[in-house]
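For reference, the chains in residue letters:
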Amino acid sequence: MTSTTDPVLSELLNSRIRDVRDYPKPGVLFKDIAPLLADAEAFGALTRALAGRAKELGATKVVGLEARGFVLAAPAAFAAGLGFVPIRKKGKLPGEVFSRSYDLEYGSATLEVQCDAFEPGERVLVVDDVLATGGTIAASLDLVQEAGAELAGVVVLMELGFLPGRAKLAAHLHGAPLETLVVV
């Protein structure tokens, strides 16, 4: 499991992430990626980096996690010439789905992926915006594997290095790489 090896890209992306104090509640420092998405240079560099990793890892599809992961994964999939698969919150996908529940600080949540999202053995790159405690990504990795796909890797825009997310994901990666582009 590694962080990015491109300090120029990390600096560009980090320079476009805005700190918002006391959001969504007092005492929280929220990392807002909206300025990054609004900046064509930074968003383009991020999209190219994600698409490049998808190709390098031999992915056949790119998975995005609801909701900001969609914004990152879909253009990366397009740029890499690959399909995009959403992993959504419970009840948002039609048809038969695989479901995975996981714990949050304040309760639990359930994610779903359509049962026919992958052909057996497809290689999947999972993309999300933030790695914090790891619950959402861990549930997603389990769903990808339950749906019959092989995990090519995980790339996250930003890792909150002071939280235990990386350690929590180790058991769910099955040897696939976990990469972060910015560590805060």
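Each remark here, short or long, concerns the structure printed above.
Summarised in this report is the structure supplied together with it. Predicted model, so just to flag it, every value in this text is computed and none were measured.

### Re helix α6 (residues 165–173)
Moving on, step 1. The complete set of buried residues in α6 reads G165, R166, L169, H172 and L173. Buried residues of α6 fall within an arc of 105° about the axis and therefore sit on the same side. Opposite the buried face of α6, by more than 90 degrees, sit the exposed residues A167 and A171.
Moving on, step 2. Positive phi appears at H174, one or two residues downstream of α6, with a value of about 50°.

### Looking at the environment of E146
Moving on, step 1. Following the sequence through the fold, E146 ends up in helix α5 (residues 135–146).
Moving on, step 2. Apart from residues no more than four positions distant in its own chain, E146 is found in contact with F98, S99 and R100.

### Overview of the pattern of salt bridges
Moving on, step 1. According to the stated counting rule, one finds 12 salt bridges in the structure shown.
Moving on, step 2. A salt bridge links R100 to E146; the nearest nitrogen and oxygen atoms lie 3.1 Å apart. Here the residue R100 occupies a position in strand β6 (residues 97–104), and E146 occupies one in helix α5, the gap between them amounting to 46 residues.
Moving on, step 3. In this structure R100 comes out as partly exposed when scored by relative accessible area, which is 28%.

### Comments concerning helix α1 (residues 7–15)
Moving on, step 1. Along α1, the positions that sit buried rather than exposed are L9, S10, L12 and L13. End-on, the buried residues of α1 take up no more than an arc of 165°, which puts them together on one face. Exposed residues pointing more than 90 degrees away from the buried face of α1 are listed as P7, V8 and E11.
Moving on, step 2. With a side-chain oxygen lying 3.1 Å from the backbone nitrogen of V8, the N-terminal cap of α1 falls on D6.

### Thoughts on the nonpolar core
Moving on, step 1. Core analysis: the biggest nonpolar cluster contains 28 residues, and L13, L46, L50 and L157 have the highest contact counts within it.
Moving on, step 2. Elements with a minimum of two residues in this core: α1, α3 (40–56), α4 (68–80), β8 (123–131), β9 (150–159) and β10 (178–183).
Moving on, step 3. For this core, the element with the highest residue contribution is α3, accounting for six residues.
Moving on, step 4. Sequence-distant contacts of L13, defined by excluding residues within four places in its chain, comprise L36, A42, L46, L157, L181 and V182.

### Topic: the packing of α5 against α6
Moving on, step 1. Contact geometry of α5 with α6 gives a least axis separation of 9 Å together with a crossing angle of 5°. Between α5 and α6, the angle is such that the two are roughly parallel. Contacts between α5 and α6 involve G135, I137, A138, L141, D142 and Q145 from the first element and K168, L169, H172 and L173 from the second.
Moving on, step 2. For the contact of α5 with α6, the per-class residue count stands at five nonpolar, three polar and two charged.

### Digging into the side chain of E122
Moving on, step 1. By the element assignment, E122 lies in the loop between β7 (107–114) and β8.
Moving on, step 2. For E122, a relative accessible area of 13% puts it in the buried group.
Moving on, step 3. Side-chain polar atoms of E122 contact the side chain of T60, separated by 3.3 Å.
Moving on, step 4. Sequence-distant contacts of E122, defined by excluding residues within four places in its chain, comprise T60, K61, A117, G148, A149 and E150.

About the thresholds
- Residues numbered from 1 in each chain as written.
- Predicted model: local features only at pLDDT ≥ 70, side-chain atom pairs only at ≥ 80, totals over all residues.
- Heavy atoms only, no water.
- Buried < 20%, exposed > 50% of the residue type's maximum accessible area, 1.4 Å probe, protein only.
- Helix = DSSP H or I, 4+ residues; strand = E, 2+ residues; numbered from the N terminus.
- Arc of directions from axis to C-beta.
- Contact = heavy atoms within 4.5 Å.
- Salt bridge = Lys/Arg side-chain N within 4 Å of Asp/Glu carboxyl O.
- Polar contact = N/O pair within 3.5 Å; in protein donor to acceptor, adjacent residues only side chain to side chain.
- Core = buried A, V, L, I, M, F, W, Y, C linked by side-chain atoms within 4.5 Å.
- Axes fitted to C-alpha atoms, helices over the stretch in contact; angles between N-to-C directions.
- Parallel < 35°, antiparallel > 145°, perpendicular 65-115°, else oblique.
- Nonpolar A, V, L, I, M, F, W, Y, C, P; charged D, E, K, R; others polar.

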